[in-house]
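What the coordinates show
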Amino acid sequence: MELAHKDLLQQIARLSETYANLADRLSQAAKQLQESGLPPSDSLLQEVAAYSRNFAAVQKQALELNKSAIAPGEIASLKDIQNLVETAAASEGKAEIRDAALKVIDRVLAIAHREQSDFAPLQSVHARARELQRAISESTPTQLHSDAESLVSGKHPVSAVLALVEQQDKLDDEQWVILEETVSAAFGKQIAVAISRGKLTIAEMVKAAPAKVEPAFKPAPEQKISAEPLPEVIVIPSGNVAPKQVTVAPQIQILESPAPSVPMHEVIIVPSVEVPKSLQTTGSGNIVFGAPRDIQQAPVEGGLGIKVLVHIQGIGDRTFGAQEYAGSKGQGRRVEGFQINIDPPIAGLNVEYMAHVEGVGDTPWLSQGELAGFRGQAKRIEGFAVRLSGPQADKYDVFYSAHIQNIGDSDVSSNGEYCGTRGKALRIEGIKVWIAPSASSQAVAPVGLKVLAHIQGIGDRTFSDREYAGTKAQGRRVEGFQIKIEPPVADLNLQYMAHVEGVGDTAWISEGELAGFRGKAKRIEGFAARLTGPQADKYDVFYTAHIQNVGDTPVTANGQYCGTRGKGLRVEGMTVWVEPKA
């Protein structure tokens, strides 16, 4: 029950106490009025008025709080108000249970088999969950479905399936036995066995992430093993027939080799799959999964070289490069420690990292080359963060993600953000780390300009940036001009304005349009230019003018006015250019 309902019921209780006392005193006052004509005292009348106000206030709160369509006249007594509030509070509590039950069902429907998309026992669980979802969704707030509370409390067989899948590492033996018996009785022994072997997992987990730095260059998404049917097999004939170009996924495994005497007629290429250890690989063969082992993943453009060492449960130390997945998937193996090095080293740039370790908590920030976590203590890494330090750190971003037990691949984190979980006993099974130049450090493109000046007695003439556009010592006025970025630069635009004889200041004009006039003999007396667009903060626009009787002005920039007003002095020429900010 919400605090608002409790508070309102307390107010009603106080009014009930006041009501009984006030009723007795009013009864006595009525008797005195009848017998002797003595009117009720002023204090009693004030108490009656106060009670009436309080009653109306409580009545109004009850109707507003419960968004009821009942008219105030239908709530004729304090008891009516109390019943309304208690009914609404009970309905609200039922609505909370209903919502919680639907969330449990959503999680159950997200359970998937790692290898069989049509695993029959799981399908029966999903069918039962959908029946409950429909029935609970259609129930009214006042009529809670009979199974909703057992779903929320974990006593329902459907909830038991979810608990076994989600909380495997956190359940003690007694809890596991009780839940396993519940699941086996409801859905059969086969699904309980599949859960105990780690075959079921939560396929999706939607996570709200804070705003993040987007990678300057995003790596191609890692291909995941899917339970969907395999694509069509591609057959490439041997001999003199040229095969078609075929793009295949990483990780070739050659599973068998024909006898030397048997000619190779076909090569069959199918998507990459996990190869059972029982199948021995050889150096030749005609069945190929994925792409050749010697094909290396294309590095992120501009990315730095790094080495990531991970200590994996039951395997030991393994070393990986930038953007390589460092760990295992689908094997239930925890990462117990890791260390990161920039390789080859970059002067003025260092990498630091920390980890959240089972039974230890957060480690301090460690310098590159130090181990975060432990070897030989069987402690899982549950989360981590990476950051850059040193004089060159602001020129790069570090990005990283993790594959987490029961969750899957995390979002990409960056620059010291925490990646993983705390307090959920979920192991990290692999990590991926890479470093790329930051977007803000990328060299900006040079910007060229075309400046057209309409000159008295000459007409239009076109000039480039930094080129003087006009005349000197000829007494010729500039009567109009237009400026354009040439060639165009994405997300960068230029605007300008002019002070024109007899007109005054023009509005700001988009690039390529004429500021001033042709054929009206009106002089330009001053002007300004500015940059706009998402890239404008990376550049400055500079300009000067040659003015009658004044000469060359100082360099002006970024929207500042250059020239005169109200002095009748003509601009005889101008120079404009754009430079990247220092």
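Quick notes on the rules
Residues numbered from 1 in each chain as written. Predicted model: local features only at pLDDT ≥ 70, side-chain atom pairs only at ≥ 80, totals over all residues. Heavy atoms only, no water. Phe/Tyr/Trp six-rings, centres within 6.5 Å; stacked < 30°, edge-to-face > 60°. Helix = DSSP H or I, 4+ residues; strand = E, 2+ residues; numbered from the N terminus. Buried < 20%, exposed > 50% of the residue type's maximum accessible area, 1.4 Å probe, protein only. Lys NZ or Arg CZ within 6 Å of the ring centre and 35° of its normal. Pairing = 2+ DSSP bridges. Contact = heavy atoms within 4.5 Å. Axes fitted to C-alpha atoms, helices over the stretch in contact; angles between N-to-C directions. Parallel < 35°, antiparallel > 145°, perpendicular 65-115°, else oblique. Nonpolar A, V, L, I, M, F, W, Y, C, P; charged D, E, K, R; others polar.

1. A closer look at the packing of aromatic side chains
- Under the criterion given, the structure shown has 9 aromatic pairs.
- Between Phe-384 and Tyr-400, the aromatic rings sit 5.4 Å apart at their centres with planes inclined by 50 degrees, giving tilted as the arrangement. Here Phe-384, found in strand E15 (residues 381–389), pairs with Tyr-400, found in strand E16 (residues 396–404); they are 16 residues apart in sequence, far enough to count as distant. Just as Phe-384 is buried, Tyr-400 falls in that class too.
- Counting every residue linked through ring pairs, the aromatic cluster contains Phe-338, Tyr-353, Phe-384 and Tyr-400.
- The ring of Tyr-325 carries Lys-329 above its face, with NZ or CZ at 4.7 Å from the centroid.
- Just above the ring of Tyr-418 sits the side chain of Arg-422; from NZ or CZ to the centre is 3.6 Å.

2. As for unusual backbone geometry
- For the peptide bond that leads from Asp-343 to Pro-344, omega is 5 degrees, which places it in the cis range.
- As for its placement among the helices and strands, Pro-344 is situated in the loop between strand E10 (335–342) and strand E11 (350–357).
- The omega angle of the peptide bond from Glu-486 to Pro-487 is -5 degrees, so this bond is cis rather than trans.
- Along the chain, Pro-487 turns up in the loop between strand E24 (478–485) and strand E25 (493–500).
- A positive phi is found at Asp-491, a non-glycine position, where the angle reads about 65 degrees.
- By the element assignment, Asp-491 lies in the loop between E24 and E25.
- One non-glycine residue, Ala-521, lies in positive phi territory at about 55 degrees.

3. A look at the sheet that holds strand E7 (residues 306–312)
- Taken together, the 4 strands give an open sheet; going across it, the order is E8-E7-E10-E14, and neighbouring strands pair in antiparallel fashion. In the strand order of this sheet, the two ends are held by strand E8 (316–321) and strand E14 (372–373), each with one partner.
- Two strands pair when backbone bridges link them, and E7 and E10 are joined in this way by 7 bridges, in the antiparallel orientation. Counterpart to Lys-307 in the pairing with E10 is Asn-341.

4. Description of the sheet that holds strand E21 (residues 449–455)
- Strand order in the open sheet formed by 4 strands is E22-E21-E24-E28, with antiparallel pairing between adjacent strands. A single partner strand is all that each edge strand has here, and the edge strands are strand E22 (459–464) and strand E28 (515–516).
- The pairing of E21 with E24 spans 7 bridges and is antiparallel. When the sheet's bridge partners are listed, Ala-453 is paired in E24 with Phe-481.

5. Looking at the pairing of E25
- With respect to burial, E25 is a largely interior element, 7 of its 8 residues being buried.
- One ladder, built from 8 bridges, connects E25 with strand E29 (residues 524–532); its direction is antiparallel. The partner of Asn-493 across the bridge, within E29, is Thr-532.
- Both E25 and strand E27 (residues 509–510) contribute to a ladder of 2 bridges, which runs antiparallel. Paired with Gln-495 across the strands is Ser-510, a residue of E27.
- As defined by bridge partners, E25 adjoins strand E26 (residues 504–505) across 2 bridges and the pair is classed as antiparallel. Note that in E26 the partner of Val-500 across the bridge is Gly-504.
- Connecting the antiparallel pair E25 and E26 is a turn made up of 3 residues, with Gly-502 showing a positive phi of about 75 degrees.

6. Quick word on the pairing of E7
- Taking burial as the measure, the 7 residues of E7 include 6 buried ones, the bulk of the element.
- The sheet contact formed by E7 and E8 spans 6 bridges and is antiparallel. Note on E8: the bridge partner recorded for Lys-307 is Gly-321.
- Between the antiparallel neighbours E7 and E8 lie 3 residues, among them Gly-314 with a positive phi of about 75 degrees.

7. Here we look at helix H6 (residues 157–166)
- Counting buried positions over the 10 residues of H6 gives 8, a clear majority of the element.
- Val-158, Ser-159, Ala-160, Val-161, Leu-162, Ala-163, Leu-164 and Val-165 are the residues of H6 that are buried.

8. With respect to the environment of Ala-326
- With respect to the helices and strands, the residue Ala-326 is situated in strand E9 (residues 326–327).
- Sequence separation of Ala-326 and Ala-402 is 76 residues, and the distance between their C-alpha atoms is 9.2 Å.
- With residues up to four places along the chain from it excluded, the contact list for Ala-326 reads Val-308, Val-310, Phe-320, Glu-429, Gly-430 and Ile-431.

9. Quick look at the packing of helix H7 (residues 173–187) against helix H8 (residues 189–196)
- Closest axis-to-axis distance for the H7/H8 pair is 7 Å, and the angle between their directions is 140 degrees. On the basis of the axis angle, H7 is oblique to H8. Residue-level contacts link Trp-176, Glu-180, Val-183, Ser-184 and Phe-187 of H7 to Lys-189, Ile-191, Ala-192, Ile-195 and Ser-196 of H8.
- Classifying every residue of the contact of H7 with H8 gives 6 nonpolar, 2 polar and 2 charged.

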